[in-house]
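Coordinate inspection notes
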Amino acid sequence: MIREKLVEGFHEGYVVPQGLIAHGRGECFDYLIGEKTIEPAFKAIQAAAAALLLAKHPVISVNGNVAALVPGDVVRLARAVNAKIEVNLFYRTEERVRKIAEVLRSHGADEVLGVDDATATIPELFSERRRASPRGIYIADVVLVALEDGDRTEALRKMGKTVIAIDLNPLSRTSLAASITIVDNVVRAVPKLAEVASSLSSQPRELLEGILRSYDNSKIIAEVLEHICQRLRELSSRMSKR
Ligand code: PTJ
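Structure report, in brief. (Residues numbered from 1 in each chain as written. Predicted model: local features only at pLDDT ≥ 70, side-chain atom pairs only at ≥ 80, totals over all residues. Heavy atoms only, no water.)

Here we come to the nonpolar core. With 62 residues, the main nonpolar core has Val62, Val74, Leu77, Leu104, Ile164, Ile182 and Leu193 as its most contacted residues. In terms of residues, this core owes the most to one element, helix 3 (residues 39-54), which gives ten residues. Core analysis: the next-biggest nonpolar cluster, separate from the first, contains 13 residues, Leu125, Ala132, Val143 and Ala155 among them. (Core = buried A, V, L, I, M, F, W, Y, C linked by side-chain atoms within 4.5 Å. Buried < 20%, exposed > 50% of the residue type's maximum accessible area, 1.4 Å probe, protein only. Helix = DSSP H or I, 4+ residues; strand = E, 2+ residues; numbered from the N terminus.)

See the structure below:
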């Protein structure tokens, strides 16, 4: 079903062929983690929810794959944390931007940035992803990205922003450069993040700050790698007993 959604987005002209290849890479890592939200990802989701709720200008960045897979959950998350939604594409064309904005609007988004207003430039970035809205990613203090390239994550960090990344590859440049890395499939991570954010939204600020203070991203990535090693060891011992 997930693949079909991407293929449909591809036929409708807003998912790029490179997005289908990226998805295949993601599936491989999803098998390695066991196709479920693992404990370190859940800890990262809690920290991400806290960061988004504490932010002054939170923004959710949407590309072709995200629009195809979780458009409704993006809108729900944006409502839960009062974030703006911005289209930001690696392979940017105005036609794709408009189609993605339309998909988001058809799922309930009131406002989609990055369409006619991507007039600001992220410094030291040379891909089409440098274009940002001066009311969105450009001034954001917290940006959520998914299936992202390492260059933009690094550039956003250099601008002093907190970057939350959803990426199934724990060793991608994005995963290593982000402030909070959620190693999980977007189809599980985005709805879970919306759910956790809704339940944390009534909590006092101090509790959210405490969650963020005790969060250590390198430790979380190490836990993900340990989970994969342990899972492979278990699978290998099961195979040797067959
Ligand atoms: O729509 P555009 O023009 O912005 O282009 C989007 C793509 C995905 C083509 C572009 O951002 C790209 O090429 O990304 P990368 O550099 O291939 O990175 C994608 C990362 O996302 C890889 O580390 C994959 O393992 C990971 N990934 C793939 N599918 C999923 C995923 N992570 C979470 N959930 C997935 N479903």
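As a structural note, the neighbourhood of the ligand is formed by 23 residues, with Arg25, Phe90, Arg96, Asp167 and Asn185 the closest of them. At 2.8 Å from an oxygen atom of the ligand is found a side-chain nitrogen or oxygen belonging to Asp167. Considered on its own, the ligand offers 740 Å² of accessible surface; in the complex 93% of this is hidden by protein. Here the ligand occupies the largest pocket. Contributions of two or more residues to the shell around the ligand are made by helix 2 (17-33) and helix 4 (64-69). Per-element accounting of the shell around the ligand gives the leading share, six residues, to helix 2. Tallied by class, the residues present in the shell around the ligand amount to nine nonpolar, eight polar and six charged. (Near = heavy atom within 4 Å. Polar contact = N/O pair within 3.5 Å; in protein donor to acceptor, adjacent residues only side chain to side chain. Areas by Shrake-Rupley, 256 points an atom, 1.4 Å probe, with all protein chains shown as cover. 1 Å grid on protein atoms, 1.4 Å probe; cavity = no way out; pocket = protein on both sides within 12 Å on 5 of 7 lines; lining within 4 Å. Sits in = over half its atoms within 2 Å of the grid points. Nonpolar A, V, L, I, M, F, W, Y, C, P; charged D, E, K, R; others polar.)

Let's shift gears to the pattern of salt bridges. Under the defined criterion, the tally for this structure stands at 21 salt bridges. Note that Arg105 is salt-bridged to Glu102, the shortest N-O span being 3.7 Å. Highlighted residues: Arg105 and Glu102, both in helix 6 (residues 94-106), separated by three residues, approximately one helical turn. Its relative accessible area of 37% is what places Arg105 among the partly exposed residues. (Salt bridge = Lys/Arg side-chain N within 4 Å of Asp/Glu carboxyl O.)

This next bit is on a nonpolar patch on the surface. Residues Leu171, Leu176 and Leu225 make up a contiguous nonpolar surface patch of about 270 Å² in total accessible area. Tracing the chain through its elements places Leu171 in the loop between strand 6 (162-166) and helix 8 (173-177). For Leu171, a relative accessible area of 52% translates into the label exposed. (Patch = residues over 30% accessible without salt bridge, like charges linked within 9 Å, V, L, I, M, F, W, Y side chains within 5 Å.)

The subject of this paragraph is the packing of helix 5 (residues 71-81) against helix 9 (residues 186-200). Between two packed helices, both the angle of their axes relative to each other and the distance between the axes serve to describe the pair. The interhelical angle for the contact between helix 5 and helix 9, taken along N-to-C directions, is 20°, at an axis separation of 9 Å. When the axes of helix 5 and helix 9 are compared, the pair comes out roughly parallel. Handedness of the crossing formed by helix 5 with helix 9: left-handed. For the pair helix 5 and helix 9, contact is made by Asp73, Val74, Arg76, Leu77, Ala80 and Val81 and by Val190, Pro191, Leu193, Ala194, Ala197 and Ser198, respectively. A breakdown of the residues in the contact of helix 5 with helix 9 according to their chemical character gives nine nonpolar, one polar and two charged. (Axes fitted to C-alpha atoms, helices over the stretch in contact; angles between N-to-C directions. Parallel < 35°, antiparallel > 145°, perpendicular 65-115°, else oblique. Left-handed = near helix turned anticlockwise from the far one by under 90°. Contact = heavy atoms within 4.5 Å.)

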